[in-house]
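# Secondary and tertiary structure notes
This is what each chain is made of:
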Amino acid sequence: YQMKAETGDVNIEKIAFKTKDNKDVQVYFRLGSYETFAGRGMDANAWGTPVFNGIPDESLSGLREAVFDDVLTIPQGEVASFYLASKKEIMFDEGDQEFAIADDSGDFKIMTGAAMKKP
């Protein structure tokens, strides 16, 4: 999926998501739209080193939290892409159209992405 910083830089310390099991998860982050990455973002080599690689913490809400060692920054007006990978299922709501706005906080927008099963 993608995020766009609107009114200023967006700093991200962690992300939360739901999984079926508490297994290893890799989170990748890269500035730019994954649409322009090798294989439209479906080539794992296009993402570089994960910003999180391990078993995420469980939050009080039951979601899993991947806490990053370094703060991720999306500069104002820029887009960044995220790729979550796991051998177990990561749960999500299915969108109607890739790159549609899924949420708009005013400070940033989250756009829907693509999903595939990991080989």
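Predicted model only: the values in this text are computed from it and were never measured. (Residues numbered from 1 in each chain as written. Predicted model: local features only at pLDDT ≥ 70, side-chain atom pairs only at ≥ 80, totals over all residues. Heavy atoms only, no water.)

### Some thoughts on the overall build of the protein chain
Going by this rule: Secondary structure elements follow DSSP: runs of H or I of four or more residues count as helices, runs of E of two or more count as strands, with numbering from the N terminus. Three labels apply to residues, based on accessible area from a 1.4 Å probe with only protein chains included: buried if under 20% of the type maximum, exposed if over 50%, partly exposed otherwise in between. Contact definition: two residues touch when any of their heavy atoms are within 4.5 Å.
Looking only at helices and strands, one finds zero helices and ten strands in the protein chain. Each helix and strand of the protein chain, ordered N terminal to C terminal, gives the series β-β-β-β-β-β-β-β-β-β. Looking at the protein chain as a whole, 33% of its 119 residues are labelled buried. In the protein chain, the share of contacts with a sequence separation of at least 24, taken over all contacts with a separation of at least 6, comes to 75%.

### Details of the sheet that holds strand β1 (residues 2-5)
Our working rule: Two strands make a pair as long as DSSP finds a minimum of two bridges between them. Every axis in this analysis is a line fitted to C-alpha atoms, fitted for helices over the stretch in contact. Angles between the N-to-C directions lie between 0 and 180 degrees.
Spatially, β4-β3-β7-β1-β10-β9 is the arrangement adopted by the six strands of the open sheet, whose pairing is antiparallel. Sheet topology places β4 (52-54) and β9 (101-104) at the edges, where each strand pairs with a single neighbour. Strand after strand, the sheet turns through a mean of 20 degrees between neighbouring axes, direction not considered. Sheet analysis places β1 next to strand β10 (residues 108-111), joined by four bridges and oriented antiparallel. In the sheet register, K4 faces β10, and the bridge partner there is K109.

### A word on the side chain of Q2
Selection rule: Whenever a nitrogen or oxygen atom comes within 3.5 Å of another N or O atom, the pair is scored as a polar contact, on the condition that within protein one atom can donate a hydrogen and the other can accept it, and that pairs from neighbouring residues in sequence are kept only if both atoms are in side chains.
Turning to its location among the elements, Q2 is positioned in strand β1. Polar side-chain contacts of Q2 include one of 3.2 Å to the backbone nitrogen of Y34. Beyond its immediate sequence surroundings of up to four residues, Q2 is in contact with S33, Y34, E35, V79, A80, S81, F99, K109, I110 and M111.

### Some thoughts on unusual backbone geometry
Backbone geometry at R40 places phi at a positive 55 degrees, although glycine is not the residue there. By the secondary structure assignment, R40 is in the loop between β3 (25-31) and β4. What makes R40 partly exposed here is its relative accessible area of 38%.

### A short note on the pairing of strand β6 (residues 64-74)
In the sheet, strand β2 (residues 10-19) pairs with β6 via seven bridges, with the strands oriented antiparallel. When the bridges of β6 are listed, I15 appears paired with A66. Examined bridge by bridge, strand β5 (residues 57-58) and β6 share two bridges and lie antiparallel to one another. Bridge pairing in β6 places D57 opposite E65. The antiparallel pairing of β5 with β6 creates a hairpin that spans five residues between the two strands, and G62 there sits at a positive phi of about 95 degrees.

### Let's talk about the environment of P50
Secondary-structure assignment places P50 in the loop between β3 and β4. The class for P50 is partly exposed, based on a relative accessible area of 25%. Separated by 18 residues in the primary sequence, P50 and F68 have C-alpha atoms spaced 9.9 Å apart. In contact with P50, other than residues within four places in its own chain, are Q26, V27 and Y28.

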